[in-house]
Amino acid sequence: MAQLLVGGERVSAKGGGEMPVVNPATEEVIDTVPKGTAEDAEAAVAAAKGALAEWSGKDPDERAAIMRAGIAAVKERGREIAELLVREQGKPLSEAMGELHHFIHGMDFYADLASKIRGAYAPLPSSLGKSYGMVIKRPVGVCVAIVPFNFPLTLMGTKVGPALAGGNTVVVKPAETTPLATLRVAELFAEAGLPAGVFNVVTGEGPEVGEALAAHPDVRRVAFTGSTEVGRRIMEIAGPQFKRVSVELGGSDPVIVCPDADVDAAVKGVNIGRFFNAGQACLAAKRVYVFEEVYDEFMEGLIKRVSRYELGDGLTKAEKPKIRMGPMNSARYRDQVSSQLEEAVSRGARIAYQGEWGGEKGYFFPPTVIEGAPHDSRVVREETFGPLLPVFRVGDLEEALRLANDSRYGLGSSIWTRNIRWIHRAAQEIEAGMTWVNQLHYGYDELPFGGVKDSGVGREHGPEALEYYLESKSVVIGGLD
């Protein structure tokens with residue numbers, strides 16, 4: 001059985017409980033992890049608090065060197081970690097290796113920034129005597145990272161990377177279904193020299209462990225990625241204590257394909273952007289608005305590409321030209337997507353393409369493209385977290401922009417066009433935290449990423465993310481007369 005990592009030690013849950021970790025492709029239990037409790041959360045926060053002075057007091061270059069040692073250890077065991085990720089999450093091995101690469105790149109990015117943190121100097125009026133001001137940057141303190149199941153490593157790295165670079169300590173709470181790769185990464189960082197208590201991992205259920213961490217008075221920063229409903233709960237818990245909170249939540253990213261677009265490139269972008277990781281991505285392309293002039297060409301190309309997906313275990317390769325698509329992570333989300341499809345079809349949507357799955361085991365859902373779904377159907381109004389894509393015809397940019405913004409979500413968006421005026425309008429008018437132009441939806445470590453409306457508050461990625469892990473303190477130096 002895997003164990004918690006608290007204060008540099010591998011320990012069992014104080015209550016003795018355990019949780020199974022199930023392979024979503026086979027429905028077999030591959031391991032068990034401790035079922036942590038509020039008492040375990042308390043111990044992890046205490047360990048993080050106890051390690052804060054040592055870690056924050058280290059020279060930034062030393063912090064960066066220790067981070068890089070951990071990154072190197074993860075890189076060295078990359079195949080092992082990726083295979084573990086496949087077994088617990090379900091994604092194909094190639095996608096798991098891609099996620100690991102993204103994690104490593106992001107951690108490297110923040111290790112590089114550890115010694116680049118800057119404050120400011122300010123000349124001050126001399127009415128109270130000769131003086132000047134400084135703005136210094138201090139670590140926030142103990143941070144909590146609550147991570148979802150879809151990209152457990154990448155979305156942990158977007159929190160742990162800037163936290164450690166800024167001199168903070170951290171407690172990670174992974175999703176119940178995907179704790180194993182996270183625990184292994186944390187162990188490798190500890191073995192590589194990260195001081196005990198700097199990076200802790202507590203497994204358990206969200207309503208107990210996650211809420212206990214978010215509510216703990218010694219926690220000053222909470223970073224959450226997950227559903228809008230849980231994000232709202234996190235803010236309710238953390239808000240009264242004025243914690244530094246960021247929540248990156250659900251999305252229903254619109255895609256606009258204009259008549260002057262490179263249609264083949266748009267098809268490739270939408271295909272990957274929707275069906276990568278079996279459609280389980282907050283920034284996935286989830287609603288596509290295609291101009292009438294290129295609609296038929298787009299649909300023909302899209303269906304041709306989507307038909308290449310073959311469902312199966314992520315540890316086995318599909319024979320070319322087929323492309324492996326793994327299962328969804330749980331029966332719950334598979335059934336939710338199935339229900340969204342049924343509702344859309346019952347209200348007049350037409351299935352343009354649906355793949356096949358004849359197996360008896362696994363949480364598989366075949367890739368599906370639909371047309372003509374009502375814009376108030378669940379597949380549009382809710383977040384569709386799986387390989388189901390609605391496509392719509394539009395007559396002009398005005399209609400496309402209006403429909404793109406007709407959502408309570410505002411995470412990502414994209415437009416495919418060579419028209420600079422349309423690009424400008426999309427960038428300015430689409431209500432989203434990010435807009436890609438002529439490119440698939442991908443979270444770059446170099447750019448801030450987050451949502452508006454029901455898609456969240458705050459930003460991860462980019463140098464800007466560091467500011468969420470630092471406090472600005474003003475200092476006045478007087479007595480200079």
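Residues numbered from 1 in each chain as written. Predicted model: local features only at pLDDT ≥ 70, side-chain atom pairs only at ≥ 80, totals over all residues. Heavy atoms only, no water.

Before we move on, could you go through the overall build of the protein and cite the residues and values that matter?
In terms of helices and strands, the protein carries 15 helices and 24 strands. Relative to the 2.2 N^0.38 estimate, which gives 23 Å for 481 residues, the radius of gyration of the protein is 23 Å and therefore close to what a compact globule would have. Across its three principal axes, the protein shows a C-alpha extent of roughly 75 × 60 × 40 Å. A burial count over the protein gives 56% of its 481 residues as buried. Of all intrachain contacts in the protein linking residues separated by at least 6 positions in sequence, the fraction that spans at least 24 positions is 73%. Per element, the accessible surface of the protein, about 19,200 Å² overall, is 51% carbon and sulfur. One way to put it: in the protein the 53 positive side-chain charges average out to a point 3 Å from where the 65 negative ones average out. (Helix = DSSP H or I, 4+ residues; strand = E, 2+ residues; numbered from the N terminus. Rg over C-alpha atoms; globule rule 2.2 N^0.38 Å. Buried < 20%, exposed > 50% of the residue type's maximum accessible area, 1.4 Å probe, protein only. Contact = heavy atoms within 4.5 Å. Areas by Shrake-Rupley, 256 points an atom, 1.4 Å probe, with all protein chains shown as cover. Lys, Arg positive; Asp, Glu negative; His and termini not counted. Charge placed at Lys NZ, Arg CZ, Asp CG, Glu CD.)

Quick one: what's the story with the sheet that holds strand 6 (residues 132–139), residue by residue and with numbers?
Ordered by their spatial adjacency, 3 strands build an open sheet running 5-6-24, and the pairing between neighbours is antiparallel. Each edge of the sheet is formed by a strand with only one pairing partner; in this case those strands are strand 5 (120–123) and strand 24 (470–477). Going from strand to strand, the sheet's axes swing by 25 degrees on average, the running direction of each strand aside. As paired strands, strand 5 and strand 6 are joined by 4 bridges and run antiparallel to one another. Counted as the bridge partner of Ala120 is Val135 from strand 6. (Pairing = 2+ DSSP bridges. Axes fitted to C-alpha atoms, helices over the stretch in contact; angles between N-to-C directions.)

Please give an account of the pairing of strand 11 (residues 244–248) that cites residues and values.
With respect to burial, strand 11 is a largely interior element, 4 of its 5 residues being buried. Where strand 10 (residues 219–225) and strand 11 come together, 5 bridges link them in parallel fashion. Its bridge partner lying in strand 11, Ala223 is registered against Ser246. Once the chain exits strand 10 it traverses helix 8 (residues 228–238) before rejoining the sheet at strand 11, and the crossover so formed is right-handed. Note: strand 11 against strand 23 (residues 456–457), 2 bridges, orientation antiparallel. Pairing of Val247 across the sheet is with Val457, part of strand 23. (Right-handed = clockwise from strand over helix to strand, strands pointing away.)

Residue-level account of unusual backbone geometry, with values.
Of the consecutive residues Lys320 and Pro321, the connecting peptide bond is found in the cis state with omega at 5 degrees. Note that Pro321 resides in the loop between strand 14 (309–311) and strand 15 (323–325). The backbone phi angle of Glu27 is positive, close to 65 degrees, even though this residue is not glycine. Among the secondary structure elements, Glu27 is positioned in the loop between strand 3 (18–23) and strand 4 (28–34). Although it is not a glycine, Phe242 sits at a positive phi angle of roughly 55 degrees. Structurally, Phe242 is set in the loop between helix 8 and strand 11. Taking relative accessible area as the criterion, Phe242 reaches 72% and is therefore assigned exposed.

Residue-level account of the nonpolar core, with values.
By size, the foremost hydrophobic cluster in this structure holds 60 residues, and its most contacted members are Val74, Phe103, Leu153, Met156, Val172, Phe189 and Phe199. The element that contributes the greatest number of residues to this core is helix 4 (residues 93–113), accounting for 10 residues. If near-sequence neighbours (up to four positions away) are discounted, Phe189 is found in contact with Met67, Gly70, Ile71, Val74, Phe103, Met107, Leu194 and Phe199. With 58 residues, the next largest nonpolar core counts Ala25, Val263, Ala349 and Val380 among its residues. (Core = buried A, V, L, I, M, F, W, Y, C linked by side-chain atoms within 4.5 Å.)

Run through the packing of helix 4 against helix 5 (residues 152–165), naming residues and quoting values.
Look at helix 4 against helix 5: their axes get within 9 Å of each other, and the N-to-C directions meet at 10 degrees. One finds that helix 4 runs roughly parallel with respect to helix 5. For the pair helix 4 and helix 5, the contacting residues are Glu99, Leu100, His102, Phe103, Met107 and Tyr110 in the first and Pro152, Leu153, Thr154, Met156, Gly157, Val160, Gly161, Pro162 and Ala165 in the second. Of the residues contributing to the contact of helix 4 with helix 5, the split by class is 10 nonpolar, 4 polar and 1 charged. (Parallel < 35°, antiparallel > 145°, perpendicular 65-115°, else oblique. Nonpolar A, V, L, I, M, F, W, Y, C, P; charged D, E, K, R; others polar.)

Account for the pattern of salt bridges, with residues named and values stated.
Summed over the entire model, instances satisfying the criterion amount to 34 salt bridges. Of the charged contacts in the structure, one is a salt bridge between Asp112 and Arg68, with a shortest N-O distance of 2.7 Å. Of the two residues, Asp112 sits in helix 4 while Arg68 sits in helix 2 (residues 60–76), which places them 44 residues apart along the sequence. Since its relative accessible area comes to 37%, Asp112 is described here as partly exposed. Bridged by salt links that share partners, the residues Arg10, Arg77, Glu80, Arg184 and Glu187 form one connected network. (Salt bridge = Lys/Arg side-chain N within 4 Å of Asp/Glu carboxyl O.)

Tell me what's going on with the side chain of Ser377, and back it up with residues and numbers.
Of note, Ser377 is situated in the loop between strand 17 (368–371) and helix 12 (378–381). Judged by relative accessible area, Ser377 falls into the buried class, the value being 0%. Those residues in contact with Ser377, other than ones at most four positions away along the chain, are Glu343 and Arg347.

Which residues make up the packing of helix 3 (residues 78–89) against helix 4, and what are the values?
A pair of packed helices is characterised by two quantities: the angle between their axes and the separation of those axes. Orientation of helix 3 relative to helix 4, taken along the N-to-C sense of each, is 120 degrees, at an axis distance of 9 Å. For the element pair helix 3 / helix 4, the angle class is oblique. The crossing of helix 3 and helix 4 is right-handed. Contacts from Gly78, Arg79, Ile81, Ala82, Glu83, Leu85 and Val86 of helix 3 reach helix 4 at Leu93, Ala96, Met97, Glu99 and Leu100. (Left-handed = near helix turned anticlockwise from the far one by under 90°.)

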